[in-house]
Amino acid sequence: MSAILALAAMFATPECLSQRLCAQESASPRAVGAALPPGFSRVSGTHLDLITDLPLDDDLRELPAVFDAAMAGWCDVFEIPPANVASWRVEAYVMRDRQRFLAAGFLPKEIAHFINGFQLGDRLWVNEQPSVYYRRHLLLHEGTHWIMSRKFGGLGPPWLAEGMAEWLGTHRWDGQHLEMGVIPTNSDEVPYWGRTKTIQEQLSQGVAPSLETILRYSNTAHQQQDAYVWSWAAVVFLKHHPDTAALFSQLLQQPWHGSDASNRWLFTHLRSSWPRIRQQWQVTLSDLDYGFDPQHGLLELSPKLRPLRDQQTLVVRATDGWQASGFAVAAGAHLKITATGEYSVGSEPKPWKCTPAGVQLEYYRGIPLGRLLMSTASTLQHEPDFARPLKIQQVGDGGEFTITQGGELLFRINESIGGLADNSGTLEVTISP
Ligand SMILES: [Zn+2]
């Protein structure tokens, strides 16, 4: 990791959970409107009083409006009637010089050693960040902890507390409207965020965790920066995948009696689905990058498979990620495949026509854009040590292929998930064993 990247990773660590768990629950805000010591300024909104030692500028002045907009988003996600939160109010500190906050009594010395942000009772602390985006991100991250602790009387399992805080902290703000829970389209949008880069690096190094590993994170796991990345990824997957979305929504409505109970509830309800979920998690990780679109990128393995005994013709959509064929093939099987069709892999400035061989002028991950790809995936009866990417074969317009790993045949065209939405058309793929 370069020095610049290491710096970015350090700043991008809103560590807070492990310390909060051992801090005492005794933080009540100061009286609203109380006079401030010299060198501090205050800006206020409906739900936020923000005290800072930074010179007030437009970005700081609008944070109460950001926070008030976030209240509507939090109420929606956690199904809290807005009338119930009318009087909920938090005091937040955006700190340049921590010592001044300690000396002024704004920061209890028992919790003063956190790196980036902290929440305790109705108070939040955010260290000044290298970007305006990341300052807001941390405020929303800590604000999500505040909402969850108020709604549930606790934070829930570590992966869920930090995963939800990162999911809802990742946002777009145009000065008036706040969109929470976004997947950024590029790194310019979210300076110092770095989530997808870590995922792709660890996946290629063979050290990406299984979903179960993340769900079992302990209270100290988030001392490591990558635990935030993986908790975020677990929330993205569980919240959107058709096999888990309804259950995840139900989880957020459960009364919580400690993190073990809510995790036990989730594991119990997923028991019969784990073999499918393990593989679907692995496949999702390969595609989880800037611009990832859960509507187009989540593989659903077929509930029932047929052996491929004779020639079959399949339709592959140019608009979706991996598509399950419903046919199982064994390792070592030889297949003859032909693919035809004309589809488009972009709409700007005009429809960009493509055939199964792909567009030779543009590449994605070293393969021509739009080229037909094939893989196989099987359910995993046992938890793998680490998540593994799929083995991919380039089919193009056809040829003869040997299957190296048995499982359900999958097809897609070669393009990032974020680039699929403006595609159109289909391919016809004929397979003979
Ligand atoms: Zn946190």
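Note that the structure is a prediction, hence the values are computed from the model and not measured.

Conventions used here
In every chain, residue numbers begin from 1 and rise along the written sequence. Given that the model is predicted, a residue must reach a pLDDT of at least 70 before its local features are reported, and side-chain atom pairs must reach 80 or more before they are shown or counted; all residues, however, enter totals for whole chains, interfaces and linings. Working from all heavy atoms in the structure, the side-chain values ignore hydrogens and water. At least two bridges found by DSSP between two strands are what make those strands a pair. Only DSSP runs of H or I reaching four residues or more are called helices, and only runs of E reaching two or more are called strands; each is numbered from the N terminus. What counts as an axis is a line fitted to C-alpha atoms, over the stretch in contact for a helix, and the angles between N-to-C directions run from 0 to 180 degrees. Working rule for contacts: check all heavy atoms of both residues, and any pair within 4.5 Å makes them a contact. Domain delimitation follows an automatic or database domain assignment. Note on terms: buried area is the combined drop in 1.4 Å-probe accessible area of two parts once they are placed together, counting the loss on both. Just to be clear on terms, a salt bridge is a Lys or Arg side-chain nitrogen sitting within 4 Å of an Asp or Glu carboxyl oxygen. Two rings belonging to Phe, Tyr or Trp (six-membered ring only in the last case) form a pair when the distance between their centres is within 6.5 Å. Interplanar angles under 30 degrees mark stacking, angles over 60 mark edge-to-face geometry, and anything in between is tilted. Note on exposure labels: buried denotes an accessible area under 20% of the residue type's maximum, exposed denotes more than 50%, and partly exposed covers the range between, all computed with a 1.4 Å probe on protein chains only. Only when the NZ atom of a Lys or the CZ atom of an Arg is both within 6 Å of the ring centre and within 35 degrees of the ring normal do we say a charge sits over the ring. Roughly parallel here means an angle under 35 degrees, roughly antiparallel means over 145, roughly perpendicular means 65 to 115, and every remaining angle is called oblique. Classification convention: Asp, Glu, Lys, Arg as charged; Ala, Val, Leu, Ile, Met, Phe, Trp, Tyr, Cys, Pro as nonpolar; all other residues, Gly among them, as polar. One less than the residue count of a helix, multiplied by 1.5 Å, gives the span that helix is expected to have. Note that the arc is computed from the directions linking the helix axis to the C-beta atoms. Among buried residues, the Ala, Val, Leu, Ile, Met, Phe, Trp, Tyr and Cys ones that are joined through side-chain atoms within 4.5 Å form a nonpolar core.

**Student:** Sorry if this is basic, but what is going on with the sheet that holds strand β4 (residues 117-120) here?
**Tutor:** Strand pairing in a sheet relies on backbone hydrogen bonds, with the paired strands running either antiparallel or parallel. Across the sheet, 5 strands lie side by side as β1-β2-β3-β5-β4; this open sheet has mixed pairing. What marks the edges here is a single partner per strand, and that holds for β1 (41-44) and β4. Direction aside, the axes of adjacent strands within the sheet are offset by 15° on average. Each of β1, β2 (48-52), β3 (90-95) and β5 (123-127) is contacted by helix α4 (residues 63-77), which is oriented at about 145° to β2, the strand it contacts most. Those strands touched by helix α6 (residues 132-152) are β2, β3, β4 and β5, and its axis lies near 155° from that of β5.

**Student:** Honestly, the domain arrangement of the protein chain in this entry has me stumped. Any pointers?
**Tutor:** Interface size is often expressed as the accessible area that is lost when the parts come together. Examined at the domain level, the protein chain breaks down into domain 1 (1-292) and domain 2 (300-432). Of note, the centres of domain 1 and domain 2, computed from C-alpha atoms alone, are 36 Å apart. Contact residues are listed per partner, giving 27 residues for domain 1 and 22 residues for domain 2. Buried surface at the junction of domain 1 and domain 2, both sides included, amounts to about 2100 Å², of which 52% is carbon and sulfur. We note a salt bridge from Glu383 to Arg216, for which the minimum N-O separation is 2.9 Å. Only α8 (195-204), α9 (211-215) and α13 (274-287) provide two or more residues apiece to the side of domain 1 that touches domain 2. If one sorts the elements of the side of domain 1 that touches domain 2 by residue count, α13 sits on top with 12 residues.

**Student:** Looking at this structure, how should I read the packing of aromatic side chains?
**Tutor:** The geometry of an aromatic ring pair comes down to the distance between the two centres and the angle between the two planes. As enumerated under the stated definition, the model contains 18 aromatic pairs in all. Plain terms: the ring middles of Trp193 and Trp232 are 5.1 Å apart, the flat faces sit at 90° to each other, and that makes the pair edge-to-face. Within this pair, whereas Trp193 is found in the loop between β7 (178-180) and α8, its partner Trp232 is found in helix α10 (residues 225-240), the two being separated by 39 residues in sequence. Take Trp193 and Trp232: they sit in the same class, and that class is buried. Three or more aromatic residues joined by ring pairs form one cluster here, namely Phe40, Tyr93, Phe101, Phe106, Phe114, Phe118 and Trp125. Directly above the ring of Phe114 sits Arg98, whose terminal nitrogen or CZ lies 4.9 Å from the centroid. Lying over the aromatic face of Phe40, Arg100 brings its terminal NZ or CZ to 5.7 Å of the ring centre.

**Student:** How do you make sense of the packing of helix α7 (residues 158-169) against α10 when you look at a structure like this?
**Tutor:** Two quantities define a packed helix pair, namely the angle between the axes and the distance from one axis to the other. With their axes 8 Å apart at the nearest point, α7 and α10 run at an angle of 80° to one another. Classified by the angle between their axes, α7 and α10 sit roughly perpendicular to one another. When α7 is examined against α10, the residues Trp159, Glu162, Gly163, Met164, Glu166 and Trp167 are found in contact with a partner set consisting of Tyr228, Ser231, Trp232, Ala234, Val235, Val236, Leu238, Lys239 and His240. Split into classes, the residues belonging to the contact of α7 with α10 amount to 9 nonpolar, 3 polar and 3 charged.

**Student:** Just to check I follow, could you spell out helix α12 (residues 259-270) for this structure?
**Tutor:** Spacing of three or four residues puts side chains on the same side of an α-helix, whose turn is 3.6 residues. Over its 12 residues, α12 extends 17 Å from the first C-alpha to the last, a length consistent with the 16 Å expected when each residue adds 1.5 Å. What α12 keeps buried is the set Ser262, Asn263, Trp265, Leu266 and Leu270. Within α12, the buried residues cover an arc of 155° as seen down the axis, which keeps them to one side. When the buried face of α12 is taken as reference, the exposed residues oriented beyond 90 degrees from it are Asp260 and Arg264. Along its buried surface, α12 packs onto α7, α9, α10, α11 (245-251) and α13.

**Student:** In this structure, what is going on with the pairing of β5? I would like to understand it.
**Tutor:** Every other side chain in a regular strand lies on the same face of the sheet, so the side chains alternate between the two faces. The buried fraction of β5 is high, at 5 of 5 residues. On β5, burial covers both faces: Arg123, Trp125 and Asn127 on one face and Leu124 and Val126 on the other are all buried. As paired elements, β3 and β5 share 5 bridges and run parallel to each other. For Val94, the partnering residue across the bridge sits in β5 and is Val126.

**Student:** Help me understand unusual backbone geometry, please; the structure alone is not making it clear to me.
**Tutor:** Look at the link from Glu348 to Pro349: it is a cis peptide, with omega at -5°. Assignment of secondary structure puts Pro349 in the loop between β12 (343-344) and β13 (353-354). Unusually for a residue other than glycine, Glu79 sits at a positive phi of about 50°. Residue Tyr192 is not a glycine yet carries a positive backbone phi of 70°. With respect to the helices and strands, Tyr192 occurs in the loop between β7 and α8. Look at Tyr192 and you get partly exposed, because its relative accessible area is 32%.

**Student:** Explanation requested: the nonpolar core in the structure shown.
**Tutor:** Where a protein is soluble and globular, its nonpolar side chains tend to be buried together. Residues Trp74, Phe78 and Trp159 are the most contacted members of the largest nonpolar core, which totals 77 residues. A per-element tally of this core places α10 first, with 10 residues. When residues are assigned to domains, this core turns out to be shared by domain 1 (1-292) and domain 2 (300-432), each giving three or more. Look past the residues within four positions of Trp74 in its chain and what remains in contact with it is Phe67, Glu79, Leu140, Gly143, Thr144, Ile147, Leu168 and Met180. Counting 26 residues, the second largest nonpolar core, distinct from the first, contains Ile337, Tyr364, Leu369 and Ile413.

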